[in-house]
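Topology and contacts: notes
Here is what each chain is made of, one letter per residue.
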Amino acid sequence: MTRIIAGRAGGTVLQVPGAGTRPTSDRVRESLFGALESADALRDARVADLYAGSGALGLEAWSRGAASVDLVERSGAAAAVAGRNTERVGAALGSTGAARVHRSSVRGFLAVAHGPYVLVFLDPPYDLADAELDAALAGLVPRLAPNALVIVERAARSPQPVPPSQLTIERHRRYGDTAMWWLRNEDAQPRAASQS
């Protein structure tokens, strides 16, 4: 059973898409979010959860104090599940509208996104091509706030991401068959939000 671990919506049970997604385990999320809270990376943050699946990462951030969350999921079935989970968490928080589900490819979303984001999760399917992940990171850079944090989750056997020069790998953690990389936006220039 997948649930929101902590924060104002802690304990809220989340649905998981039937196939095609790989939800981050509660143990890994607990470790990740403990570190993010220690770094004060959640409070009032503008968050994007790319390859969102059930939306568990972005919704956990919302429960723990993020100001807004954009959940991006290409699969119609998974996006519908993320939408239902967003409604559940919103009801627990007594809030609506701060979390939105976008049924879109990551590339399509980033072409029109209204950054800047201060925290971004990229948790793609394990079979996503390395070149596609690297292209997503490059497309993300113009949507990031200065000093923004990007968390990439992959299979432990996957090679290290190759981010653009503006993103510096700060740390790497392995949790069983899951690996996470923390990337920091070193570009000090604020980015203008795109208009759609």
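Scroll up for the structure.
These lines cover the structure that appears in this document, whether it is placed above or below. The residue count restarts for each chain, going from 1 along the sequence in the order it is written. Thresholds applied to this predicted model are a pLDDT of at least 70 for local features of residues and 80 or more for the giving and counting of side-chain atom pairs; totals over whole chains, interfaces and linings are not thresholded and use all residues. Only hydrogens and water are set aside when side-chain values are computed; all heavy atoms of the structure are taken into account.

With that out of the way, let us pick up the overall build of the protein chain. Each helix and strand in the protein chain was counted, giving 5 helices and 9 strands. Moving toward the C terminus, one meets the helices and strands of the protein chain in the order β-β-α-β-α-β-α-β-α-β-α-β-β-β. Over its C-alpha trace the protein chain gives a radius of gyration of 15 Å, about what one expects of a compact globule, namely 16 Å for 196 residues. C-alpha extents for the protein chain along the principal axes are approximately 40 × 40 × 35 Å. Should any heavy atoms of two residues lie within 4.5 Å, those residues are considered in contact. Here the contacts in the protein chain between residues at least 6 apart in sequence split such that 69% fall between residues at least 24 apart. Charge separation in the protein chain, taken as the distance between the mean sites of 22 positive and 20 negative side-chain charges, equals 2 Å. Runs of E in the DSSP output that reach at least two residues are strands. Runs of H or I that reach at least four are helices, and both are numbered from the N terminus. The globule rule used for comparison is 2.2 Å times the number of residues to the exponent 0.38, while the radius of gyration itself is calculated over C-alpha atoms. For the charge count, each Lys or Arg is scored as positive and each Asp or Glu as negative, with His and the chain ends excluded. Taken as the charge centre is NZ of Lys, CZ of Arg, CG of Asp or CD of Glu, depending on the residue.

Here Gly 115 and Pro 116 are connected by a cis peptide whose omega angle stands at 10 degrees. With respect to the helices and strands, the residue Pro 116 is situated in the loop between α4 (106-112) and β6 (117-122). Unusually for a residue other than glycine, Tyr 51 sits at a positive phi of about 60 degrees. On the secondary structure map, Tyr 51 appears in the loop between β3 (46-50) and α2 (56-63). With a phi close to 70 degrees, Asn 147 is a non-glycine residue in the positive phi region. Within the secondary structure layout, Asn 147 lies in strand β7 (residues 144-155). When its relative accessible area of 48% is taken as the criterion, Asn 147 is described as partly exposed. Residue exposure (1.4 Å probe, protein chains only): buried if accessible area is under 20% of the type maximum, exposed if over 50%, otherwise partly exposed.

For two strands to be treated as a pair, DSSP must find at least two bridges joining them. Here 7 strands make up an open sheet; going across it, the order is β5-β4-β3-β6-β7-β9-β8 and the pairing mixed. Of all strands in the sheet, those bounded by a partner on one side alone are β5 (99-103) and β8 (167-175). The sheet shows a mean angle of 15 degrees between the axes of neighbouring strands, taken without regard to direction. In terms of strand pairing, β7 meets strand β9 (residues 178-185) through 7 bridges, oriented antiparallel. The residue of β9 that forms the bridge with Val 150 is Leu 183. Against the sheet, helix α3 (residues 76-93) contacts β4 (68-73) and β5, and its axis sits at roughly 170 degrees relative to β5. Here an axis means a line fitted to C-alpha atoms, over the contact stretch when the element is a helix, while the angle between two N-to-C directions is reported on a 0 to 180 degree scale.

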